[in-house]
Amino acid sequence: MNITEQPLSGDAAGSDPDTGQGLFAPERRQAISQQAAVQGRVSVAELAVQFSVAPETIRRDLDVLERQGRIQRVHGGAIPPLGRNGREAAVDDRRATRIGAKAAIARAAMGHLPPAHGSVLLDGGSTTGCLAAAMSAAAREGALEPVTVVTNSPSAGVELSHARDVEVLLLGGRLRPVTETVVGAQTNALLSSISADVAFLGSNGLSAVLGLTTPDAEEAAAKRLIAARSQRVIALVDSTKFGAEHLCTFADLSAIDVLITDAVPPSSLAEALNRAEIEVVIA
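Residues numbered from 1 in each chain as written. Predicted model: local features only at pLDDT ≥ 70, side-chain atom pairs only at ≥ 80, totals over all residues. Heavy atoms only, no water.

1. Digging into the overall build of the chain
Within the chain, the secondary structure is distributed over ten helices and 16 strands. The long-range fraction of contacts in the chain, counting pairs at least 24 apart against all pairs at least 6 apart in sequence, stands at 66%. Only carbon and sulfur atoms are counted for the fraction: they give 51% of the accessible area of the chain, which is about 12,500 Å². (Helix = DSSP H or I, 4+ residues; strand = E, 2+ residues; numbered from the N terminus. Contact = heavy atoms within 4.5 Å. Areas by Shrake-Rupley, 256 points an atom, 1.4 Å probe, with all protein chains shown as cover.)

2. Regarding the sheet that holds strand S3 (residues 72-74)
Here we have three strands laid out as an open sheet, ordered S2-S4-S3, and antiparallel in their pairing. The open sheet has two free edges, formed respectively by strand S2 (42-43) and S3, since each of these has just one partner strand. Strand direction decides the pairing type here: S2 and strand S4 (residues 77-79), joined by two bridges, are antiparallel. When the sheet's bridge partners are listed, Val42 is paired in S4 with Ala78. Packing of helix H3 (residues 55-67) onto the sheet brings it into contact with S3 and S4, and relative to S3 it is tilted by some 140°. (Pairing = 2+ DSSP bridges. Axes fitted to C-alpha atoms, helices over the stretch in contact; angles between N-to-C directions.)

3. A word on H3
When the terminal C-alpha atoms of H3 are compared, their 19 Å separation across 13 residues agrees well with the 18 Å that a helix rising 1.5 Å per residue should span. Gly69 sits one or two residues past H3 and shows a positive phi near 80°. (Expected span 1.5 Å × (residues − 1).)

4. Brief notes about the side chain of Asp61
Relative to the assigned elements, Asp61 resides in helix H3. Residue Asp61 is classed as buried on the basis of its relative accessible area of 0%. Engagement of the side chain of Asp61 in a polar contact is seen with the side chain of Arg29, the distance being 2.7 Å. (Buried < 20%, exposed > 50% of the residue type's maximum accessible area, 1.4 Å probe, protein only. Polar contact = N/O pair within 3.5 Å; in protein donor to acceptor, adjacent residues only side chain to side chain.)

5. Description of the sheet that holds strand S12 (residues 211-214)
The strand order S11-S12-S14 describes an open sheet built from three strands, whose pairing is antiparallel. Looking along the sheet, the strands with just one partner apiece sit at the ends: strand S11 (205-207) and strand S14 (248-251). Within this sheet the neighbouring strands show an average axis-to-axis angle of 40°, counted without direction. On top of the sheet, helix H9 (residues 217-228) reaches S12 and S14; it is set at about 10° to S14, its chief contact.

6. What about the confidence of the model for the chain?
Per-chain confidence: the chain averages 89 in pLDDT, with 88% of residues scoring 70 or above. Of the regions scoring below 50 in pLDDT, residues 8-20 engages in 29 contacts with residues more than four places distant in sequence or in other chains. (pLDDT = per-residue confidence, 0-100.)

7. Some details on the packing of aromatic side chains
Counted according to the given criterion, the structure contains zero aromatic pairs. Between the NZ or CZ atom of Lys223 and the centre of the ring of Phe250, over which it lies, the distance is 5.2 Å. (Phe/Tyr/Trp six-rings, centres within 6.5 Å; stacked < 30°, edge-to-face > 60°. Lys NZ or Arg CZ within 6 Å of the ring centre and 35° of its normal.)

8. Observations concerning the pattern of salt bridges
Applying the stated criterion to the full structure yields ten salt bridges. Between Glu56 and Arg59 there is a salt bridge, and its shortest N-O distance comes to 3.9 Å. Highlighted residues: Glu56 and Arg59, both in helix H3, separated by three residues, approximately one helical turn. A relative accessible area of 38% means that Arg59 is categorised as partly exposed. Notably, a salt bridge pairs Asp216 with Arg176, separated by 3.7 Å at the nearest N-O pair. (Salt bridge = Lys/Arg side-chain N within 4 Å of Asp/Glu carboxyl O.)

9. Some points on the packing of helix H2 (residues 44-51) against H3
It is at 9 Å that the axes of H2 and H3 come closest, and there the two elements cross at 110°. What the angle tells us is that H2 and H3 run roughly perpendicular. Viewed along their axes, H2 and H3 form a crossing whose handedness is right-handed. Here H2 contributes Val44, Leu47, Ala48 and Phe51 to the contact with H3, which in turn contributes Pro55, Ile58, Arg59 and Leu62. Here the residues of the contact of H2 with H3 sort into seven nonpolar, no polar and one charged. (Parallel < 35°, antiparallel > 145°, perpendicular 65-115°, else oblique. Left-handed = near helix turned anticlockwise from the far one by under 90°. Nonpolar A, V, L, I, M, F, W, Y, C, P; charged D, E, K, R; others polar.)

Dropping the structure here:
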């Protein structure tokens, strides 16, 4: 596994001596994760009042809990983590989660775009959406080579349609409201006729055993074709997805050429990535 490190974004985890209502930090965090599981969502402001601590303390708690896979951060708070049997987060929640990490991953992904007049298959998702935004911004500055982008994400297609020197081919099919991604038989038929230089894939989970996974079978079918119809496959996966396993595998590790993420993978996953000869880029 070839690991390329770029400047890390986000705050490093550290010890937190703060307590609230007589609780030590680990006890407070346990209570927060249980509350998120029961209520479906918790807010920073309400938790700060409940535990009599500063909002910054709660934000640190949520950062720790997210790294442990016990919650998922969203704007202003957190929701339960996504698992094989967990609910799938709505696209608005995903866009409000780990914004800095996803933007850093997108910036690193810009270095893996094909040469001038190349072609890209762009998957739907919040991190791939950040890549579409980064490409659009580069185009406005005249720093993007001409490229053709094929995508099943209407929002990414609209974002890139305003970019100079970017030709956008938007796939048709059934629109899934939860992800705002187009899927289904029509989408798959169109993907089967495409041959692209590079694919950028998002994922709900990345594990040593199952590879890249997602909860929905139709999403998985589209993602599987995006990988299969590209010469080079680049996974854009933030570190909260490490170890997560969902219902449908759409790409084994052997199908991935490059993983761009925001933290060094844990040892078991790192060993599997190394065996699969995947280049790992730390954004």
